[in-house]
Each structure stands twice: as structure tokens, then as C-alpha cells.
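Coordinate analysis (summary)
Residue-level listing of the chains:
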Amino acid sequence: MSSALNSSSTSSDQNNNSAFNNTESNTINVDPSEVEKFNNLASEWWSNTGAFATLHEINPLRLNWIEENIKRGYQNAANKTAEQGLSGKKVLDVGCGGGILSESMARRGADVTGIDLGTENLKAAALHAEQSQLESTLRYQHIPVEELAKTQAGQFDVVTCMEMLEHVPDPSSIVQACYELLAPGGVCVLSTINRNPKSYLFAIVGAEYVLRLLDRGTHDYAKFITPAELDKMALNTGFVRQDIIGLHYNPLTKRYWLAQNVDVNYMIAVQKPLV
């Protein structure tokens, strides 16, 4: 059995090929309806034409931007491994879903741990990791990020949390845990959706109802987060600003690109100070 398919403690779990470590927590920062929503779509994670086709299409853009900011952050910290980018870095992917980003980071030489609260998502992720022969550098756990921070503080060079913050009750708690899990000088990359009339039109009306890029009900406008709000969360934890970028889509050409406008989808990179 591959290391991506970490079994839990009982022999019955081993016999059932448990796909990940399962850790329970008394207080979990999660909306059960959100977990159920993505669990129900678990079989589609690795379909290029399924419910997560958009994530497959944007993944090269976000992967390259993440690696660029890792290099920049480690250069700022005068770290000799800066030019290596993801290679050799210990990475945590928070809210990893079916592992699309996790796998791509592992393929670039990172040692990756993906965590999520959707059990079916993690089964799909672990199975694909095994099929991709990434057992030695990629594994998954069913654990809240706040719980992991209690035992793994300061253990990661890079933490990513993509397309997740707008799906949880308390995003600031996630950002705090990401900070705690990073080693000094480490880089954190977060992505979410801005909250304004344009983002409602594009991310919900356009993406879910007109273009049908996403299933209806994927997003709740009230949970969208403005860049100012996310920046404040990051600064309050102790992070230092590094970069921010918007993700854009042209439905006529079906082309995605990155630009400075952050009206709808955006990513931010922040760094944990050395001292």
C-alpha cells in the first residue's frame, strides 16, 4: 500500500484500504453542507470535463504563480534554496479536495501533505496519487488545519489554501493556523473571491447559471472575502505582504490569465518573518 494511502489505527480500516489518516476534533471550523457538496462530486475530481474542469484549466496558472512567489520569498529571506522553487520544499495544501494542486506540486519536486475534511475527496485524491506513482512524496490526511497546527507548528516551508476560505465559517482561523504551521521565512499562498456586485455577476450568475462552469450553489456570495479583509486577517496573524494577483476568464476565447485587477477571483502571497 502506498504512503499516500495512510491507514488509520484499526485493522478493519486497513482491510478497507483507508485512503488517509482520519483525525477527529471536538471543535471543527467547517460548514457540513459545504463538505457534503464536494463529497457528492468526488468521482469527478480527475475528469477534465467534470465539475472540476475549471480547476484543471487554471491549475498551471496558479501553480506557476505559487512557485514564483516561493522563489521571491526565499530570496527575500536570503535562503540558498530560493531558485529551487517547489523542489525540496515541505508543502502543506489546506483544503486539497481531490488533490489537483497537491499532485502538481509533488511533480515539481515538493514533499506534499494534503488535508481536507471531505472523506470522499481524499479517497479520490489518494487513489490518483497511487496511480500516478507519487507515493513517496505525497500523502493525505483527514484533519482540520487548526488541529494539525497543534502538533506540526513550524514544520512546513510552504502552505497553500486555494478556493477554500469562502467555504468555511471562520476564515481568519484558517489563516492563523497556516501561519502557525509555517517555519520562519516560509511562504503562504491563499486564494478566494472578492465580494462586490461584479463578483456576484461573474462568479455566481455567470459561472454557475449562464456558462455553467460550476455547479449551481457552489458559492455563497455572503462568504466572499474582499482583499482588504483577507489582508487584515493575514497581517493580524503576523504575516508580511508579498504579492496579490487576479485570475481572469474570457468565455468567448475560453482563455484564463493573471492580471492586477482583483475584482473577482484573486490570490495573495504572504510570508512569515524570520524573527
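That block above? That's the structure.
We now turn to the structure provided with this report. It should be emphasised that the depicted structure is a prediction, and the values quoted were computed from it without experimental measurement.

1. A few points about the environment of Glu83
- By secondary structure assignment, the location of Glu83 is in the loop between α3 (53–76) and β2 (90–94).
- Take Glu83: its relative accessible area is 55%, and that puts it in the exposed class.
- In this structure, the C-alpha to C-alpha distance between Glu83 and Glu68, residues 15 residues apart in sequence, is 9.3 Å.
- Leave out the neighbours within four places in its chain, and Glu83 touches Lys71 and Gln75.

2. Thoughts on the packing of aromatic side chains
- Here the structure, examined in full by the defined rule, presents six aromatic pairs.
- Ring geometry for Tyr179 versus Phe239: centroids 5.0 Å apart, planes at 85°, classification edge-to-face. Within this pair, whereas Tyr179 is found in helix α7 (residues 171–181), its partner Phe239 is found in the loop between α9 (227–237) and β7 (240–250), the two being separated by 60 residues in sequence. Each member of the pair, Tyr179 as well as Phe239, carries the same accessibility label: buried.
- Each ring, one from Tyr200 and one from Tyr221, has its centre 5.4 Å from the other, and the planes form 85°; the classification is edge-to-face. Of this pair, Tyr200 sits in helix α8 (residues 197–210) while Tyr221 sits in the loop between α8 and α9; the two residues are 21 residues apart in sequence, bridging distant segments of the chain.
- Here Lys198 stacks its cationic end above the ring of Phe202, 5.5 Å away from the centre of that ring.

3. Description of the packing of α3 against helix α4 (residues 100–107)
- Packing of α3 against α4 brings their axes to within 10 Å, and their N-to-C directions diverge by 45°. Here α3 lies oblique to α4, going by the angle between them. Relative to α4, α3 is oriented so that their crossing is right-handed. Residues Leu55, His56, Asn59, Arg62, Leu63 and Ile66 of α3 touch α4, and the partners they reach there are Ile100, Leu101, Ser104 and Met105.

4. What to know about the pattern of salt bridges
- Using the criterion set out here, one finds 12 salt bridges in the structure.
- The partner of Lys223 in a salt bridge is Glu34, with the nearest N and O atoms 3.5 Å apart. Separated by 189 residues along the polypeptide, Lys223 in the loop between α8 and α9 and Glu34 in helix α2 (residues 32–39) bring together distant segments of the chain.
- Assessed through its relative accessible area of 21%, Lys223 is described here as partly exposed.
- Linking Asp231 and Arg241 is a salt bridge whose minimum nitrogen-to-oxygen distance equals 2.8 Å. Taken together, the residues Asp231 in helix α9 and Arg241 in strand β7 connect sequence positions 10 residues apart.
- Classification of Arg241 by relative accessible area gives exposed; the value is 55%.
- A single network of salt bridges, built from pairs that share partners, joins Asp31, Glu34 and Lys223.

5. Considering the environment of Ala207
- By the element assignment, Ala207 lies in helix α8.
- Given the relative accessible area of 10%, Ala207 is considered buried.
- C-alpha of Ala207 to C-alpha of Gly114: the two residues are 93 residues apart in sequence and 27 Å apart in space.
- Leave out the neighbours within four places in its chain, and Ala207 touches Phe202, Arg212, Leu213 and Leu214.

6. Focus on the environment of Thr81
- Its location among the elements puts Thr81 in the loop between α3 and β2.
- Since its relative accessible area comes to 27%, Thr81 is described here as partly exposed.
- Considered as a pair, Thr81 and Asn261 are 180 residues apart in the sequence and their alpha carbons are 31 Å apart.
- The contacts of Thr81, once residues within four sequence positions are left out, are Tyr74 and Lys89.

7. Structural notes on the pairing of β7
- As paired strands, β7 and strand β9 (residues 265–271) are joined by seven bridges and run antiparallel to one another. Each bridged residue has a counterpart across the sheet, and for Leu247 the counterpart in β9 is Asn265.
- The sheet contact formed by β7 and strand β8 (residues 255–259) spans five bridges and is antiparallel. By the bridge assignment, Tyr249 is partnered in β8 with Tyr256.
- Taken together, β7 and the strand that follows it, β8, pair antiparallel across an intervening segment of four residues, in which Lys254 is found at a positive phi of about 55°.

8. Notes on the layout of surface pockets
- When its volume is computed, the second largest pocket comes out at roughly 230 Å³.
- In this structure, the second largest pocket is lined by 15 residues; those nearest its centre are Ala53, Thr54, Leu211, Arg212 and Leu213.
- In terms of residue class, the lining of the second largest pocket is made up of eight nonpolar, three polar and four charged.

What counts and what doesn't
- Residues numbered from 1 in each chain as written.
- Predicted model: local features only at pLDDT ≥ 70, side-chain atom pairs only at ≥ 80, totals over all residues.
- Heavy atoms only, no water.
- Helix = DSSP H or I, 4+ residues; strand = E, 2+ residues; numbered from the N terminus.
- Buried < 20%, exposed > 50% of the residue type's maximum accessible area, 1.4 Å probe, protein only.
- Contact = heavy atoms within 4.5 Å.
- Phe/Tyr/Trp six-rings, centres within 6.5 Å; stacked < 30°, edge-to-face > 60°.
- Lys NZ or Arg CZ within 6 Å of the ring centre and 35° of its normal.
- Axes fitted to C-alpha atoms, helices over the stretch in contact; angles between N-to-C directions.
- Parallel < 35°, antiparallel > 145°, perpendicular 65-115°, else oblique.
- Left-handed = near helix turned anticlockwise from the far one by under 90°.
- Salt bridge = Lys/Arg side-chain N within 4 Å of Asp/Glu carboxyl O.
- Pairing = 2+ DSSP bridges.
- 1 Å grid on protein atoms, 1.4 Å probe; cavity = no way out; pocket = protein on both sides within 12 Å on 5 of 7 lines; lining within 4 Å.
- Points joined across faces, edges and corners; volume = space filled by probe spheres on them.
- Nonpolar A, V, L, I, M, F, W, Y, C, P; charged D, E, K, R; others polar.

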